[in-house]
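Okay, here's what each chain looks like letter by letter:
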Amino acid sequence: MEALPAMTAAGRAAVPMLALVSAALFFYVALQVPRWAHHVSRRLLSSLPKSKTKEAALEEFQPIVTKELDFPSGWWTSRNLFELEKRAVLSKTWLHVCHSSLFKKPGDYRTFQIADFSFLIILGKDGRLRAFHNICRHRAYSVVSKSEGSCLVMRCGYHGWSYDTKGALIKAPKFDNIPGFSKPANNLFEIRTFIDSSNFLYANFDVYGSEALTIRVGVPIRAKLTLVESWTVEANFNYKLAVPPGAFRVSSLARLNKFAELLSAASLFESWKWPAEFELSPLTKLMRSSNGEHWLTITVIPVSETKSTIQCSFYCSRLDLKSTLPVSAAKQEISDSIKKLELIFAEVVESGEIPDAPSQEPLLAEIKAHSRLERLMGTEVHPASRMRESSQACKVADDLCRELEVAASEKFASTELDGLAW
């Protein structure tokens, strides 16, 4: 009877030891499993036939590179390709235009030019911003001629056709009494617009409503921006060369603390030297200073296959008269970047190379898709062609008006002659 308690005490003492040994064994097995698995996999791969070695097996999972994404030889200088790009990309892609803060009161407007598209944006009496082709529906003359201004009635200087801030035709001299003439059918051609959460305005010229390259809307600023200065610079390079991120470097926007300056000076983090960069659209980059007070948009506007216009707008979220705005430094850095891109353009034109090809592939995909559509249709497809069709319709209406005027004048002339003869 006395031995039982002794054995029980020994058993109790052995329990922690067994638990410790079990835990050690478990951790040892857990640590050895990856090594055993690697050893077994190597044995299995070595037992495969020669054509199924590890290298051959891995090659099966490599992406197949085809010539589908090959760039055409005239990627930088072809006039025909540039015309195709205007139809395939520029005429049906959401493009950043400006910031809505530029329009203060009803009637404020600004005109813009992207490739062959001349258009205006005007603030209506209802507080809504609208975009229209800057083309009168009568004879395709410009509705407004100034780059910016304010008016509640836009009057064409050619024949006096007038439109309100909603683009509605309100006056058409000599057309009011023509049978079948409809003012609502001759309003200005409206362009689809979009204003994102940061109040940046975008436009899309495609009358069929396709989206093409997706619009970028993920840049919530949550700050009231004030335009400080805008400027443009002419550049001698194809617009596609400035598409890759980092094409323009503006280190003057960086506002570094002492720790960041130390890291930057030690070249440990090169990115500290540059402000944050976002893509508003395929043609526009937005740069934000590290303190969030300064903002800069850089838009590359295509002019031809070898020329572009660089449109820059410098904004500030908090204007402080005591602070020095780095506008002059930003201008100089952008000018330096343009000169560098012009040198690169001269090199790629001679060599035919495609620097940073992955950044060009979305454009290439859209161009190829539109080219296939045109081959299928057997003709060029102009997404903004409604303007062209309507101009022809206006010409027919104008010819009819002219015929009526001629007929009326002839009748008056004949009556006058009869009176004189009598």
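Before reading on, note that the structure itself is shown above.
Computed from a predicted structure; not experimentally measured. Counting of residues starts from 1 at the beginning of each chain's written sequence and follows it residue by residue. Note on the predicted model: pLDDT of at least 70 is required for a residue's local features to be given, and 80 or more for side-chain atom pairs to be given and counted; whole-chain, interface and lining totals, by contrast, use all residues. Only hydrogens and water are set aside; all other atoms, that is, all heavy atoms of the structure, feed into the side-chain values.

## What about helix α3 (residues 79-90)?
Then comes step 1: Counting buried positions along α3 yields nine of twelve residues, so the element is predominantly enclosed.
Then comes step 2: When a residue's accessible area, from a 1.4 Å probe over protein chains only, is under 20% of the maximum for its type it is buried; when over 50% it is exposed; and in between it is partly exposed. Think of it this way: any DSSP run of H or I at least four residues long counts as a helix, any run of E at least two long counts as a strand, and we number them from the N terminus. Along α3, the residues classified as buried are L81, F82, L84, E85, K86, R87, A88, V89 and L90.
Then comes step 3: Close packing links the buried residues of α3 with β1 (95-99), β3 (117-123), β14 (294-302) and α6 (357-377).
Then comes step 4: The opening residue of α3, the one whose side-chain oxygen lies 3.4 Å from the backbone nitrogen of N80, is S78. Contacts are assigned to residue pairs that have any heavy atoms within 4.5 Å of one another. Definition of a polar contact: a pair of N or O atoms within 3.5 Å, with one able to donate and the other able to accept a hydrogen when the atoms are protein atoms, and with sequence-neighbouring residues admitted only if both atoms are side-chain atoms.

## Re the nonpolar core
Then comes step 1: I121, F237, F248, L296, I298, I310 and I334 are the most contacted members of the largest nonpolar core, which has 56 residues in total.
Then comes step 2: Residues in contact with I298, not counting those within four places in the same chain, are F248, V250, L283, T284, K285, M287, I310, Q311, C312 and I334.
Then comes step 3: Take the buried Ala, Val, Leu, Ile, Met, Phe, Trp, Tyr and Cys residues and link them wherever side-chain atoms come within 4.5 Å; each set so joined is a nonpolar core. Formed by 17 residues, the second largest nonpolar core is a distinct cluster that contains F132, V144, C156 and I178.

## Notes on unusual backbone geometry
Then comes step 1: One non-glycine residue with positive phi stands out, namely A115, at about 55°.
Then comes step 2: When you line up the elements, A115 lands in the loop between β2 (108-114) and β3.
Then comes step 3: Accessibility expressed as a relative area gives 11% for A115, which makes it buried.
Then comes step 4: You will see that N199, though not glycine, has its phi angle at about 70°, which is positive.
Then comes step 5: Note on placement: N199 falls in the loop between β9 (190-195) and β10 (200-204).
Then comes step 6: According to the relative accessible area criterion, N199 is partly exposed, its value standing at 38%.

## Details of the sheet that holds strand β4 (residues 129-133)
Then comes step 1: A sheet is described by the order of its strands in space; here seven strands give the open sequence β1-β10-β9-β4-β3-β2-β5, paired in antiparallel fashion. Taken across any chain shown, the strands that pair with only one partner, and hence form the sheet edges, are β1 and β5 (148-150). Looking at each pair of strands side by side, their axes are set apart by 30° on average, direction ignored.
Then comes step 2: One ladder, built from four bridges, connects β1 with β10; its direction is antiparallel. For H96, the partnering residue across the bridge sits in β10 and is Y202. Whether two strands pair depends on DSSP finding at least two bridges between them. Only the stretch in contact is used when a helix axis is fitted, and all axes are lines through C-alpha atoms; the angle between N-to-C directions ranges over 0 to 180 degrees.

## Notes on the packing of aromatic side chains
Then comes step 1: Only rings of Phe, Tyr and Trp enter the pairing, Trp through its six-membered ring, and a pair is recorded when the two centres are within 6.5 Å. The plane angle decides the type: under 30 degrees is stacked, over 60 is edge-to-face, the rest tilted. Across all of its chains, the model carries ten aromatic pairs by this definition.
Then comes step 2: Centroid distance F119 to F205: 5.2 Å. Interplanar angle 75°. Geometry classified as edge-to-face. Of this pair, F119 sits in strand β3 while F205 sits in the loop between β10 and β11 (226-235), and the two are 86 residues apart along the sequence. Neither F119 nor F205 differs from the other in exposure class; each is buried.
Then comes step 3: Both rings, one in F200 and one in Y315, keep their centres 6.3 Å apart while their planes meet at 85°; by these two values the pair is edge-to-face. Highlighted residues: F200 in strand β10 and Y315 in strand β15 (residues 308-316), separated in sequence by 115 residues.
Then comes step 4: Members of the aromatic cluster, joined through ring pairs, are F112, F117, F119 and F205.

## Thoughts on the pattern of salt bridges
Then comes step 1: Should a side-chain nitrogen of Lys or Arg be within 4 Å of a carboxyl oxygen of Asp or Glu, the pair is scored as a salt bridge. Counting across every chain of the model gives twelve salt bridges.
Then comes step 2: Taken together, the salt bridges that share partners define one network made up of R79, E83, K86, D116 and E305.

## Overview of the sheet that holds strand β6 (residues 153-155)
Then comes step 1: Strand order in the open sheet formed by three strands is β6-β7-β8, with antiparallel pairing between adjacent strands. If you trace the sheet from one side to the other, it starts and ends with β6 and β8 (169-171), each paired once. Direction aside, neighbouring strands of the sheet carry axes that sit 35° apart on average.
Then comes step 2: In the sheet, strand β7 (residues 162-164) pairs with β8 via two bridges, with the strands oriented antiparallel. If you follow S162 over to β8, its bridge partner there is K171.

## Notes on the layout of surface pockets
Then comes step 1: Detection works on a 1 Å grid of protein atoms alone, calling trapped sets that fit a 1.4 Å probe cavities and calling open sets with protein on both sides within 12 Å along at least five of seven lines pockets, with lining residues defined by an atom within 4 Å of a point. Grid points are joined across faces, edges and corners, and a volume is the space filled by probe spheres set on the points. Volume-wise, the largest pocket comes out at about 500 Å³.
Then comes step 2: Around the largest pocket, the lining comprises 23 residues; the ones closest to its centre are V97, R110, T111, F112 and Q311.
Then comes step 3: Mapped onto the lining of the largest pocket, the elements with two or more residues apiece are β1, β2, β3, β11, β14 and β15.
Then comes step 4: The dominant element in the lining of the largest pocket, judged by the number of residues it contributes, is β2, at five residues.
Then comes step 5: Polar here means any residue other than Ala, Val, Leu, Ile, Met, Phe, Trp, Tyr, Cys and Pro, which are nonpolar, and Asp, Glu, Lys and Arg, which are charged; Gly is therefore polar. Among the residues making up the lining of the largest pocket, the classes are represented as ten nonpolar, eleven polar and two charged.

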